[in-house]
Amino acid sequence: MAYKALDYYLIEDLLTEEERMVRDTVREFVTDNLMPIIEECNRTARFPMELIPKAAGLGLLGAPYPEEYGCANLNAIAYGLINQELERGDSGLRSFVSVQTGLVMYPIFSYGTEEQKKYWLPKLASGEKIGCYGLTEPDFGSNPGGMLTRAEDKGDHYLLNGSKAWITNGTIADVAVVWAKLDGEVRGFLVEKGREGFEAPEIKNKFSLRASVTSDLIFQDVRIPKENILPGVKGLKGPLSCLTQARYGIAWGAMGAAMAVYDEVLSYGKSRIQFDRPIAGFQLVQNKLVWMATEITKGQLLVYRLAQLKDAKRMRPQHVSLAKRNNVGAALEIARVGRDILGANGISNEYQTFRHMNNLESVNTYEGTFDIHTLIIGEDLTGIAAYT
Amino acid sequence: MNIFVLIKAVADSEATIRPAADGKNVKLDDITWVLNPFDEYAVEEALKLKEAAGEGEVTVVCNGGDEVPKIIRTALAMGADRGIHVNGPRSFDALSIAKSLVNAIQGKEYDLILCGKSAIDHDNNAVGTMVAELLDLPSVSFVVKLEKTATGLKCEREIEGGLLVVETPLPAVITAQKGLNEPRYASLKGIMAAKKKPLETIDAKSGEVQVEVIAIEPRPPRAPGEIIGEGVDAVPALIKKLREEAKVL
């Protein structure tokens, strides 16, 4: 059955023709290329690497950045719609694009030298090179400022020691943007694959994001050339500004997953007969469907306005926290309720809702957990930080 | 190589088509317009030929109303260079459409005219060959493979049980059949570039519309099925009905 995206409040009317075309292109790409294989990828814990050249050819990697670096220079709404449509397919592919775009290309674009930008951005946009982002550590998740990874200035090079955990794309990456303390201050480094002492083993046996590569990064006396430091930023502001970009995409993406679930569950509800009538005709099921549609509509409007703020350069990180927290939290709950409507069929791999539900557990945790975003917004509203 | 591609906006194949109140037209309120799939093959082939030649322009020409600019920009986003919107009513009359398209391209320089073998709405299979006739050009229709030769084009057409290989000089009119190629997606860069490409609007000069739709009627509802019986006992009665009523045995 063809995917029918919920648009209860006619948000379509707010989009420009280019924005619609971008969305339709990505939707078609996902329908034609990801949907036929995603169940198999998820079951066998395989990232669909074969789709990356095609996705890059379409311009899905680094879409918001300027043409001079091989990118499409899209506005925030179009970039958001890319995330929405990718995550309609699977959070794994959306995560890949988010990491490449928001966490790897963004710091190089914002804090890199012209040489770094000219070398890396076109290669990352074309998919010739893959990037990953090393901030989280085994013992420092919500509190990245406590990181133990250290860089030492050895005169003609830096020496990097430490480890990172839960790194999307780690094992398949050609370059890692690694945040480490240099003289007690957080700095960004570009660490290429193959440097002696740098390993990126994959974390296996996940219940979630199975069609995505998640890894540890281990650095043991890794020599980093001096020109590989990102000169443009010092302190936690560097990594946190990247997270703002990625969280922005996630807030859109989560609605894509929720829309996929809603579409599946609505059509199931209308065709599943119990007590001689479609279950969608029962009040309890309608209550669930109405709640789902309401939450999706709210989430869609939230990210649409967030995009306007981003394009107007008025978006604050706390605005992004509110959207990420709300939309991922809602999407996860929508997937759980959707799974319930599907009954026993909902635990079968014939249906995608369970896969989205499992993925969204990760999405709810990564890039700032639901609770941490609560505290970020809480601090913004009251002026009192609850976590220090 | 300068190529003109004749394209059409059609209702999305997943749209539910309902007759309008006048009983002669289709209700257009909820229709999503898309580039006719057979014309997509034509656009793709034009782009491939241009890329192989390393020079030239691909111009798309489309007849219709307000639905047309979006469809032209879809082709521009795929990579076509310019568009001509032949602004006039949509019509079933293939000859009048062919004339208005010919009016838009006559006098311009072209090596080749491509279009889909048919549009998925009216399914006339006529406009392309009519354009060839009006321009006094050779025409090959339902082409599944196209190859540039020193003097023209080698075309393959599928025929019952095999292939027919024909050659034509240029300029010519070629109509595209499914299988000719795999149309590319409009890339994001292509979409952004499309709005900067020239899109000219001209009034349609179609002449007299001769063939007119006088009614669109929904298919009569299917007669309900009949349960003859259950199990092995029902088989003789079923065979009798299949033989005497359905006449399929």
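None of these values were measured; they are calculated from a predicted model.

## Observations regarding the overall build of chain B
Scanning chain B from N- to C-terminus turns up six helices and 11 strands. With the C-alpha coordinates of chain B rotated into their principal frame, the extents come out at 75 × 45 × 40 Å. Across the 249 residues that make up chain B, the buried fraction comes to 41%. Considering only contacts in chain B between residues 6 or more positions apart, those separated by 24 or more positions represent 72%. As presented, chain B carries roughly 13700 Å² of accessible surface, and 51% of it is formed by carbon and sulfur atoms. In chain B, 30 positive and 38 negative side-chain charges are present, and the distance between their average locations comes to 3 Å.

## A few points about a nonpolar patch on the surface
Residue and element names in this part refer to chain B. Judged by side-chain polarity, V232, V235, I239, V248 and L249 come together as a nonpolar surface patch covering roughly 480 Å² of accessible area. Turning to its location among the elements, V232 is positioned in the loop between strand 11 (199-203) and helix 6 (235-244). By relative accessible area, which is 71% here, V232 ends up exposed.

## Observations concerning the interface of chain A and chain B
If you look at the interface, chain A gives 23 residues, while chain B gives 14 residues. Across the chain A to chain B interface the summed buried area is about 1500 Å²; carbon plus sulfur atoms make up 66%. On the surface where chain A and chain B come into contact, there are two salt bridges. Our count for the contact surface shared by chain A and chain B stands at six residue pairs in polar contact (both at pLDDT 80 or more). Those elements that place two or more of their residues in the side of chain A that touches chain B are helix 1 (17-44) and helix 2 (52-58) of chain A. With nine residues, helix 1 of chain A is the single largest residue contributor to the side of chain A that touches chain B. When its residues are assigned to classes, the side of chain A that touches chain B shows 11 nonpolar, six polar and six charged.

## Examining the sheet that holds strand 10 (residues 173-176) of chain B
To summarise the sheet geometry, strands pair through backbone hydrogen bonds and adopt either a parallel or an antiparallel arrangement. All names here are of chain B. If you walk across this open sheet you meet the nine strands as 9-8-7-10-6-1-4-5-11, and the pairing is mixed. In this open sheet, the two strands that pair with only one neighbour each are strand 9 (162-169) and strand 11. Neighbour to neighbour, the strand axes of the sheet diverge by 35 degrees on average, direction disregarded. Pairing geometry for strand 7 (residues 139-148) and strand 10, over three bridges, is parallel. Pairing of V143 across the sheet is with A176, part of strand 10.

## Remarks on helix 4 (residues 91-111) of chain A
All names here are of chain A. Taking 1.5 Å of rise per residue, the 21 residues of helix 4 would be expected to cover 30 Å, and the 28 Å separating its terminal C-alpha atoms lies within 8% of that figure. M105 marks where helix 4 bends most, by close to 40 degrees; the proline P107 follows one to four residues later. The buried fraction of helix 4 is high, at 19 of 21 residues. You can read the cap of helix 4 off the contacts: a side-chain oxygen lies 2.8 Å from the backbone nitrogen of G92, and it is on D90.

## Quick word on the pattern of salt bridges
Per the counting criterion, the structure on display carries 32 salt bridges over all chains. As a salt-bridge pair, D24 of chain A and R23 of chain A come within 3.1 Å of each other at their nearest N and O atoms. Here R23 of chain A falls in the buried class, since its relative accessible area comes to 8%. Residue K8 of chain B pairs with D121 of chain B through a salt bridge whose shortest N-O separation is 3.1 Å.

## Let's talk about the nonpolar core
Ranked by size, the top nonpolar core spans 106 residues in total, and within it V5, I7 and L114 of chain B carry the most contacts. Looking at this core element by element, the count peaks at eight residues for helix 1 of chain A. In this view, I7 of chain B contacts L35, D39, V43, V60, V61, C62, N63, I71, I72 and A75 of chain B; residues no more than four positions away in its chain are not counted. Formed by 32 residues, the second largest nonpolar core is a distinct cluster that contains L6, I279, A280 and Y366 of chain A.

## Structural notes on the domain arrangement of chain A
Residues and elements named next belong to chain A. Each domain of chain A was delimited in the assignment, giving domain 1 (11-126), domain 2 (131-228) and domain 3 (237-382). Between domain 1 and domain 2, the C-alpha centre-to-centre distance is 23 Å. Here domain 1 and domain 2 share an interface that buries about 1600 Å² over both sides, 69% of which is from carbon and sulfur atoms. For the interface between domain 1 and domain 2, the tally reads zero salt bridges. Elements with a minimum of two residues in the side of domain 1 that touches domain 2: helix 1, helix 4 and helix 5 (114-125). It is helix 4 that contributes the most residues to the side of domain 1 that touches domain 2, 10 residues altogether. Tallied by class, residues from the side of domain 1 that touches domain 2 come to 14 nonpolar, seven polar and three charged.

## Describing helix 4 (residues 127-135) of chain B
All names here are of chain B. Looking at helix 4, one finds that the buried residues are G128, V131, A132 and L135. All buried residues of helix 4 project into a common sector of 100 degrees when viewed along the axis, lining one side. In the core, the buried residues of helix 4 are packed alongside strand 1 (3-7), helix 3 (94-105), strand 6 (112-116), strand 7 and strand 10. Just downstream of helix 4 lies D136, where phi reads positive at about 60 degrees.

The rules behind each value
As a convention, each chain's residues are numbered from 1 in the sequence order in which they are written. Labels are handed out in written order, letters beginning with A for the chains and numbers beginning with 1 for the ligands. Local features are withheld for residues below a pLDDT of 70 in this predicted model, meaning they are given only at 70 or higher, and side-chain atom pairs are given and counted only at 80 or more; totals for whole chains, interfaces and linings count all residues. Side-chain measures were taken over the full set of non-hydrogen atoms in the model, leaving aside hydrogen atoms and water. Put simply, DSSP marks the helices as runs of H or I at least four residues long and the strands as runs of E at least two long, and each gets a number from the N terminus on. Categorising residues by exposure relies on relative accessible area from a 1.4 Å probe, with only protein chains included: less than 20% of the type maximum marks a residue as buried, more than 50% marks it as exposed, and the intermediate range marks it as partly exposed. Two residues form a contact once any of their heavy atoms are found within 4.5 Å. Reported accessibility uses the Shrake-Rupley method at a 1.4 Å probe radius. Residues are deemed covered only where the shown protein chains occlude them. Charge counting follows a simple rule: Lys and Arg are positive, Asp and Glu are negative, and His as well as the terminal groups are ignored. A charge is said to be at NZ when it belongs to Lys, at CZ for Arg, at CG for Asp and at CD for Glu. Each patch is built from salt-bridge-free residues with over 30% relative accessible area, joining like charges within 9 Å and nonpolar side chains (Val, Leu, Ile, Met, Phe, Trp, Tyr) within 5 Å. Any carboxyl oxygen of Asp or Glu within 4 Å of a side-chain nitrogen of Lys or Arg constitutes a salt bridge here. A simple way to read buried area is as the amount of 1.4 Å-probe accessible surface that goes missing from two parts once joined, with both sides added. We call two N or O atoms a polar contact when they sit within 3.5 Å, provided that within protein one can donate a hydrogen and the other can accept it, with sequence-adjacent residues counted only if both atoms are side-chain atoms. Residue classes follow a fixed rule: Ala, Val, Leu, Ile, Met, Phe, Trp, Tyr, Cys and Pro count as nonpolar, while Asp, Glu, Lys and Arg count as charged, and any other residue, Gly among them, counts as polar. For two strands to count as paired, DSSP must find a minimum of two bridges between them. Think of each axis as a best-fit line through the C-alpha atoms, taken over the contacting stretch in the case of a helix, with angles from 0 to 180 degrees between the N-to-C directions. The span you would expect from a helix comes to 1.5 Å times its residue count less one. For a residue, the bend is simply the angle between two axes, fitted respectively to the seven-residue segment ending there and the seven-residue segment starting there. To define a nonpolar core, start from buried Ala, Val, Leu, Ile, Met, Phe, Trp, Tyr and Cys residues and group those joined through side-chain atoms within 4.5 Å. The source of the domain bounds is an automatic or database domain assignment. The arc refers to the directions leading from the helix axis to the C-beta atoms.

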